[in-house]
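Each chain is listed here by its residues.
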Amino acid sequence: MTSVVPARTETEGLREVEQRVLWLATAMIDHANRVRTNNSGLKVGGHQASCASMVSIMTALYFEHLTAADRVSVKPHASPVLHAINYLLGSLDEKHLGTLREYGGIQSYPSRTKDPDPADYSTGSVGIGATAPIWGAVARRYVDTHGGGSGTGRQYSLLGDAELDEGACWEAILDPTVADLGEVVWIVDLNRQSLDRVVPNIAAHRLQGMFTAAGWQVITLKYGQVLEELFTRPGGAALRERIDGMSNPEYQRLLRCTPEQLRDRIPAGDTAIGTLLSDVDDDTLATAIRNLGGHDLDALDSAFKAIDDTRPTVIFAYTIKGYGLATEGHPQNHGSLLGEDQMRQLGTQVGADLDDPWHRFPESSPAGRRCAETASRLRRRERARVKPPQLPADIGRTPSGTTTTQAALGRTLLDLTREAPEAAERIVTLAPDVSSTTNLGGWLNKVGVWSPAERVDWFADDAETILHWRERPAGQHIELGIAETNLVGLLGELGSTWSRWGQPLLPIGVVYDCFLGRALEPWSFGVYAGGQSILVGTPSGVSLAPEGGAHQSVGTPSIGLEQPGVTSYEPAFAVDTEWCLLEAMSQLGKPGGSSSYLRLSTRPVDQSLASVPADPAARERRRRQVVGGGYLLRRDPDPQVTLVGMGALMTETLDAAGRLADQGIGADVVCVTSADLLFRAHRGDADRGVLDQVLPAERARPMVTVLDGHPHALAFLAGVNGVRGAHLGVTGFGQSGSLDDVYRHHGLDTDSVIRAALDVTHS
Ligand SMILES: Cc1ncc(C[n+]2csc(CCOP(=O)(O)OP(=O)(O)O)c2C)c(N)n1
Ligand SMILES: [Mg+2]
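Naming follows an unreviewed UniProt entry, where the protein chain appears as Pyruvate dehydrogenase E1 component of Saccharopolyspora dendranthemae. If you open the UniProt record of the protein chain and go to Sequence similarities (unreviewed entry), you find "Belongs to the transketolase family." Database annotation for the protein chain, UniProt heading Catalytic activity (unreviewed entry): "N(6)-[(R)-lipoyl]-L-lysyl-[protein] + pyruvate + H(+) = N(6)-[(R)-S(8)-acetyldihydrolipoyl]-L-lysyl-[protein] + CO2".

Caption draft 1: View of the site of ligand 1. Looking at ligand 1, there are 18 residues lining it, with Ser50, Lys75, Asp161, Gln193 and Lys321 nearest. Between ligand 1 and the protein, one listed contact pairs an oxygen atom with a backbone N or O atom of Gln193 at 2.8 Å. The separation between an oxygen atom of ligand 1 and a polar side-chain atom of Lys321 is 2.8 Å. Relative to its free-state accessible area of 590 Å², ligand 1 is covered by the protein chains to the extent of 74%. Across the shell around ligand 1, the residue classes break down as three nonpolar, nine polar and six charged.

Caption draft 2: Layout of the pairing of strand β7 (residues 427–432). By the criterion of burial, β7 is predominantly enclosed, with six of the six residues buried. Burial of the side chains of β7 extends over both faces: Ile427, Thr429 and Ala431 are buried on one face and Val428, Leu430 and Pro432 on the other. One ladder, built from four bridges, connects β7 with strand β11 (residues 506–511); its direction is parallel. Its bridge partner lying in β11, Val428 is registered against Pro507. One ladder, built from four bridges, connects β7 with strand β10 (residues 477–480); its direction is parallel.

Caption draft 3: Focus on the coordination of the magnesium ion (ligand 2). Around the magnesium ion (ligand 2), the protein supplies Asp161 (OD), Asn191 (OD1) and Gln193 (O) as donor atoms, at distances of 2.0 to 2.1 Å. All donor residues of the magnesium ion (ligand 2) come from one chain, and their arrangement in sequence is D-x29-N-x1-Q. Within this pair, whereas Asp161 is found in the loop between β2 (155–160) and α6 (167–174), its partner Gln193 is found in the loop between β3 (184–190) and α7 (204–213), the two being separated by 32 residues in sequence. Of the residues examined, Asp161 reaches a relative accessible area of 5% and is grouped as buried.

Caption draft 4: Summary view of the pattern of salt bridges. A full pass over the atoms with the stated rule returns 39 salt bridges. A salt bridge links Asp394 to Arg619, with the shortest nitrogen-to-oxygen separation between them at 2.8 Å. Taken as a pair, Asp394 in the loop between α16 (366–378) and β6 (402–403) and Arg619 in helix α25 (residues 616–628) lie far apart in primary sequence, 225 residues in all. Since its relative accessible area comes to 24%, Asp394 is described here as partly exposed. According to the relative accessible area criterion, Arg619 is buried, its value standing at 10%.

Caption draft 5: Broad picture of the packing of aromatic side chains. The final tally for this structure, using the stated rule, is ten aromatic pairs. Look at Phe211 and Phe316: their rings are 5.7 Å apart centre to centre, the planes differ by 75°, and that puts the pair in the edge-to-face class. Taken together, the residues span a long stretch of sequence, with Phe211 in helix α7 and Phe316 in strand β5 (residues 313–318) at a distance of 105 residues. Phe316 sits in the buried class, given a relative accessible area of 0%. Arranged with centres 6.0 Å apart and planes meeting at 45°, the rings of Phe525 and Tyr528 form a pair that is tilted.

Caption draft 6: Representation of the domain arrangement of the protein chain in the model. Per the domain assignment, the segments making up the protein chain are domain 1 (15–222 + 292–378), domain 2 (404–599) and domain 3 (629–762). Its C-alpha centre places domain 2 at a distance of 29 Å from the equivalent point of domain 3. Each side of the interface is counted separately: domain 2 has 27 residues, and domain 3 has 35 residues. Around 2100 Å² of area is buried between domain 2 and domain 3 when both sides are counted, 57% of it from carbon and sulfur atoms. One can count zero salt bridges joining domain 2 with domain 3. Our count for the domain 2 to domain 3 interface comes out at 14 residue pairs in polar contact (both at pLDDT 80 or more). Those elements that place two or more of their residues in the side of domain 2 that touches domain 3 are α23 (556–562), β13 (566–569) and α24 (574–585). For the side of domain 2 that touches domain 3, the per-class residue count stands at twelve nonpolar, ten polar and five charged.

Caption draft 7: Structural view of the sheet that holds β5. The sheet built from five strands is open, its strands ordered β1-β2-β3-β5-β4 with parallel pairing. Taken across any chain shown, the strands that pair with only one partner, and hence form the sheet edges, are β1 (71–74) and β4 (217–221). Put simply, the sheet's adjacent strands are angled 15° from each other on average, direction ignored. One ladder, built from four bridges, connects β1 with β2; its direction is parallel. Counterpart to Arg71 in the pairing with β2 is Gln155. Strand contacts of α7: β3, β4 and β5, with the helix running at about 170° to β5, the strand carrying the most contacts.

Caption draft 8: Seen up close, the layout of surface pockets. By volume, the largest pocket amounts to about 1000 Å³. Forming the walls of the largest pocket are 36 residues, and the residues nearest its centre are Arg71, Pro118, Asp120, Arg380 and Arg381. Elements represented by at least two residues in the lining of the largest pocket include exactly β1, α4 (79–88), α16 and α21 (497–500). Looking at the lining of the largest pocket, the element that brings in the most residues is α21, giving three residues. Here the residues of the lining of the largest pocket sort into 13 nonpolar, eleven polar and twelve charged. Looking at which domains feed residues into the lining of the largest pocket, each of domain 1 (15–222 + 292–378) and domain 2 (404–599) gives three or more. Estimated volume of the second largest pocket: approximately 530 Å³. In terms of lining residues, the second largest pocket is bounded by 20 residues, among which Arg290, Tyr323, Gly324, Glu328 and Gln349 are the most central. The set of elements that each furnish at least two residues to the lining of the second largest pocket consists of α2 (14–35), α3 (48–65) and α15 (340–350). Element by element, the count of residues in the lining of the second largest pocket is highest for α2, at four residues.

Caption draft 9: View of the sheet that holds strand β16 (residues 630–634). With respect to topology, five strands assemble into an open sheet ordered β16-β18-β17-β19-β20, the strand pairing being mixed. The sheet terminates laterally at β16 and β20 (725–728), the two strands that pair on one side only. With direction set aside, neighbouring strand axes in the sheet form an average angle of 20°. Each of β16, β17 (639–646), β18 (666–672) and β19 (703–706) touches helix α26 (residues 650–662); the most contacted strand, β17, lies at about 165° to it.

Caption draft 10: Main features of the UniProt feature "binding site: Mg(2+)" (unreviewed entry) in the protein chain. Taking the numbering used here, the UniProt-annotated feature "binding site: Mg(2+)" (unreviewed entry) corresponds to Asp161, Asn191 and Gln193. For the residues just named, distributed over 33 residues, the greatest C-alpha separation is only 7.7 Å, placing them together at one site. The residues touching Gln193, leaving out its near neighbours within four places in the chain, are Asp161, Val198, Val199, Gln252, Lys321, Gly329, His330, Pro331 and Asn333. Separated by 3.0 Å, the side chain of Gln193 and the backbone oxygen of His330 make a polar contact.

Scoring rules and cut-offs
Residues numbered from 1 in each chain as written. Chains lettered and ligands numbered in written order. Predicted model: local features only at pLDDT ≥ 70, side-chain atom pairs only at ≥ 80, totals over all residues. Heavy atoms only, no water. UniProt positions renumbered as here; feature names shortened; annotations may be inferred. Near = heavy atom within 4 Å. Polar contact = N/O pair within 3.5 Å; in protein donor to acceptor, adjacent residues only side chain to side chain. Areas by Shrake-Rupley, 256 points an atom, 1.4 Å probe, with all protein chains shown as cover. Nonpolar A, V, L, I, M, F, W, Y, C, P; charged D, E, K, R; others polar. Buried < 20%, exposed > 50% of the residue type's maximum accessible area, 1.4 Å probe, protein only. Helix = DSSP H or I, 4+ residues; strand = E, 2+ residues; numbered from the N terminus. Pairing = 2+ DSSP bridges. Donors = N, O, S within 2.8 Å, 3.2 Å for Na, K, Ca; no water. Salt bridge = Lys/Arg side-chain N within 4 Å of Asp/Glu carboxyl O. Phe/Tyr/Trp six-rings, centres within 6.5 Å; stacked < 30°, edge-to-face > 60°. Domains from an automatic or database assignment. Contact = heavy atoms within 4.5 Å. Buried area = accessible area lost by both parts, 1.4 Å probe. Axes fitted to C-alpha atoms, helices over the stretch in contact; angles between N-to-C directions. 1 Å grid on protein atoms, 1.4 Å probe; cavity = no way out; pocket = protein on both sides within 12 Å on 5 of 7 lines; lining within 4 Å. Points joined across faces, edges and corners; volume = space filled by probe spheres on them.

This is how it looks when you write it as structure tokens:
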């Protein structure tokens, strides 16, 4: 009979640290669910099994390999493992350990902004946290090539295997910039279980091939040293073949068998395997069958040492969900919790005490020393924060003639390079293959496309090339493939450089407004995680008429109004667009800052419809109203109706007011620039002042609201002064056609506005 030789790591305290991390993570969840008073009767929850499968990986990474310059994204359900490690490293106070999932306590999923201990990336939306370090790496390189200060270091992503089901992962892996990011390391916790099931055919070799094809280094940690040693014995090759060939569920079932059952099931009639196993004692057999590479600290050590930093690396670490716990390998263990007896049994197994669960290692013990050494290795130096640049509130131009809000975006960016060069240097624009169609061409020609290394522009001498694609490290536009999830992933990270490296950027991403929905969840998650950015949806609505129904956005004004952490604007005129953009930019890159969404249009609008006051004080008053949410654009001496328009439909709104006046029906006209800000004022979340100016109570009249989007977004305005309202907008999918055709189709043309006004005034 043979037994297991103690590994190097056991003599250096690492094994003890690993066991304590397992204990602390499990006990934190136990405390939250079983010990802490719970008056609501609602399940608190937590994921002991998901934690257990990541414990060895994180112990080996943090306590042996990580450096202070590295950053780590931890899979959502392993947050207690991160807290346990931070506690052992002295960066989380004991008082927090009993607060998991409590109001104001440590978070269910790692949170950069809410947890009291360091979490480099927020995770929780599977696939998004996993890809964040890729965008963190790009953002860091961008900062490095624009003044520096961000340093170097690996960007680790510790992800669950089922996260690879998410398209976000593959969108990111396939982006052409990513294959050059040697600092990116993904470690896949390959426990072959997702939330509901043991994944029958995870086909690791197929995944490996996909990463290889994308230019990644692939390292696979399948078996641990105990099994590897058995494979070298007579019958070992057959044993390996047998285990390799097993389905995942069959393997998982073995984890719940007695040694006697194992001796019966594993050989499956193969006498060589039977003989081999008969030479192994029960304990070794039980250890061997669960001896996977992702739980072998020495194997993990070798894998980390094998990472070459010339290209991204993925380590497939085979693990067992619930490793070391009574729930180990059970198909439904995702959310299952140990009972008191099982906790006591775990305590005995790992040398911990349920009645004194947060006990620390003595400082002089090998484990205590390892914790202290690791803490000192991982200590980060404080970074001084550069203040966001000074931005003008008003560049001072007054656009005339006919133009679009989309054109105003490009114009304003270009103007800033002349009028506020220091601020302009902090702007970085991003597009998922739509720079030219969203009017960024002029800006791109001026600032160039960003690339970590200079690239030859083979069309530089082609006189017929209007858009110059100069790729260089000083460039300020980042071009991505057509992947909106990547766009907002990078947007969030560029919007976090102020907090990570002390370098504020002003990131502006453009997307066709109809694809905002696709970008929304990851963008929202990025905003939740602290990224501050501007997202521009353009062109929008049905006003891109001939483009047709496939490209028309309907619900985005409501989305903008409802999205937390974001202020949304939908200006109608060029100068209003400039002011809103400058206001949005002034909110970026600082503690307490926020993001914005601008909904723009390609609809040409006569700028004289909203002539800007010439007097500087009156102009400034208008600007303040514009960035505050809206302004009273037309005052009738004897108003009978209030017409409220937004964005592209101001032309029809004003036209209707003129024709109503011709019929003797006076109409005030309000131009809304931000339904979001007006709603906040209406609700009492912001100063009501803007509403007193936009909809003064003494001028309250029946109201018609008009926008190129779902009418619901402006309908609340009738409630400001409690007037009767009619609400025009888009409620169905659309058609291609001329602007007139399309507006008529949706009941947004001037005639429809007039009819609605007559209806509400009972004229
Ligand atoms: C976008 C998204 N969809 C669904 C979920 C719910 N969810 C959380 S974890 C999980 C399964 C994760 O499995 P895996 O990544 O393999 O983690 P592990 O087995 O380590 O728990 C699911 C479906 C989520 N958090 N985010
Ligand atoms: Mg899994």
